[in-house]
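# Descriptive structure summary
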Amino acid sequence: MPHASPGKALRLAVAQETPLQMPGAINANHALLAKQAGFRAIYLSGGGVAAGSLGLPDLGISTLDDVATDVRRITDVCDLPLLVDVDTGFGPSAFNVARTTRTLIKLGAAGMHIEDQVGAKRCGHRPNKEIVSRDEMVDRIKAAVDARTDPDFVIMARTDALAVEGLEAALERAVACVEAGADMIFPEAMTELGMYGKFVDAVKVPVLANITEFGSTPLFTVEQLASVGVSIALYPLSAFRAANKAAANVYGALRRDGTQRTVIDTMQTRAELYESIGYHAFEQRLDAVFGRQGKA
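Bear in mind that the values here come from a model prediction, so they are computed numbers and not experimental data. (Residues numbered from 1 in each chain as written. Predicted model: local features only at pLDDT ≥ 70, side-chain atom pairs only at ≥ 80, totals over all residues. Heavy atoms only, no water.)

## What to know about the sheet that holds strand S7 (residues 208-210)
- Strand order in this open sheet of 3 strands is S1-S8-S7, and the pairing throughout is parallel. Of all strands in the sheet, those with a lone pairing partner are strand S1 (20-23) and S7, marking the two edges. On average, each strand axis in the sheet is inclined to that of its neighbour by 20°, with strand direction left out of account.
- By the bridge criterion, 4 bridges tie S1 to strand S8 (residues 232-235) in an arrangement that is parallel. Each bridged residue has a counterpart across the sheet, and for Met22 the counterpart in S8 is Leu234. (Pairing = 2+ DSSP bridges. Helix = DSSP H or I, 4+ residues; strand = E, 2+ residues; numbered from the N terminus. Axes fitted to C-alpha atoms, helices over the stretch in contact; angles between N-to-C directions.)

Right, dumping it as structure tokens:
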């Protein structure tokens, strides 16, 4: 029996878990950790690619190739459906958006979200954002929908309009994106729980809540989000922030103390790492293959 496509798997997870908890995975190793923790879908953040893979801010600097590299590494080892942040589509034309869409499908992603900021974008929780016209955003959605080669691949529209034009304008944009073919909606940087309920009522498709730390949105619980009909609870950089803090603590201890002894109990053990990445299974396959073949 053929496996479901990644897009179909994501849609099924959204239907079966309400809201679907979706953690960010900054790399392939974190994707495996998320799967082992029991999550049913994972996320690749554009800001995470910029900061984690490039050491740069989330200001529209990353390219499609940068994101594609991280997508491929994740989907090569983890079969959880992966939702990918593609910023504004990686180029000014419909052909850029189409190329981005087809590339992610080829690489095994389950879906993508594309936003309505200008090309020189900013983090969604920073001030002074600028957005394109509603018509231009609708064209981005149409280009993505037209380009997809798998009808189950999820096209999600993100709107940053709340901070720029207000709630009613953001709702109108979301409705227009759904009419253009968007499968799901991502209203960015909501400041009140009830705002999500307004989007749910207006668009009649699954709505994602970005529960990122240190931003504009309160850290709502899954119970709170479920009460207003949110379908996906996103935690884009939670593990990444924790890993960065842990790494900084280890570097500081090494430099200060001349040894890692004081922080050894904060580390993942060798055995835990080997278990997570399936090290022993790989080693056993090597032994089996070369044990049978012997030396050439």
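## Digging into a nonpolar patch on the surface
- There is a patch of nonpolar side chains on the surface, built from Leu54, Leu56, Leu59 and Ile61 and spanning about 300 Å² of accessible area.
- Examined against the element boundaries, Leu54 turns out to sit in helix H3 (residues 46-54).
- Look at Leu54 and you get partly exposed, because its relative accessible area is 33%. (Patch = residues over 30% accessible without salt bridge, like charges linked within 9 Å, V, L, I, M, F, W, Y side chains within 5 Å. Areas by Shrake-Rupley, 256 points an atom, 1.4 Å probe, with all protein chains shown as cover. Salt bridge = Lys/Arg side-chain N within 4 Å of Asp/Glu carboxyl O. Buried < 20%, exposed > 50% of the residue type's maximum accessible area, 1.4 Å probe, protein only.)

## Focus on the nonpolar core
- Counting 60 residues, the largest nonpolar core has Ile42, Val84, Ile141, Ile185, Tyr196 and Phe199 as its most contacted members.
- Counting residues per element, this core draws most heavily on helix H8 (residues 167-179), at 6 residues.
- The residues touching Tyr196, leaving out its near neighbours within four places in the chain, are Pro187, Met190, Val207, Leu208, Ala209, Asn210, Thr217, Phe220, Leu225, Val228 and Val230.
- By size, the runner-up hydrophobic cluster in this structure holds 16 residues, among which are Leu10, Ala13, Met22 and Ala110. (Core = buried A, V, L, I, M, F, W, Y, C linked by side-chain atoms within 4.5 Å. Contact = heavy atoms within 4.5 Å.)

## Notes on H8
- With 13 residues, H8 ought to run about 18 Å at 1.5 Å a step, and its terminal C-alpha atoms sit 18 Å apart, in line with that.
- Of the surrounding elements, those touching the buried residues of H8 are helix H6 (134-147), strand S5 (154-159), helix H7 (162-165), strand S6 (184-187) and helix H9 (193-203).
- One or two residues past the end of H8 sits Gly181, with phi positive at roughly 120°. (Expected span 1.5 Å × (residues − 1).)

Functional significance is not addressed by these values, which are geometric in nature.
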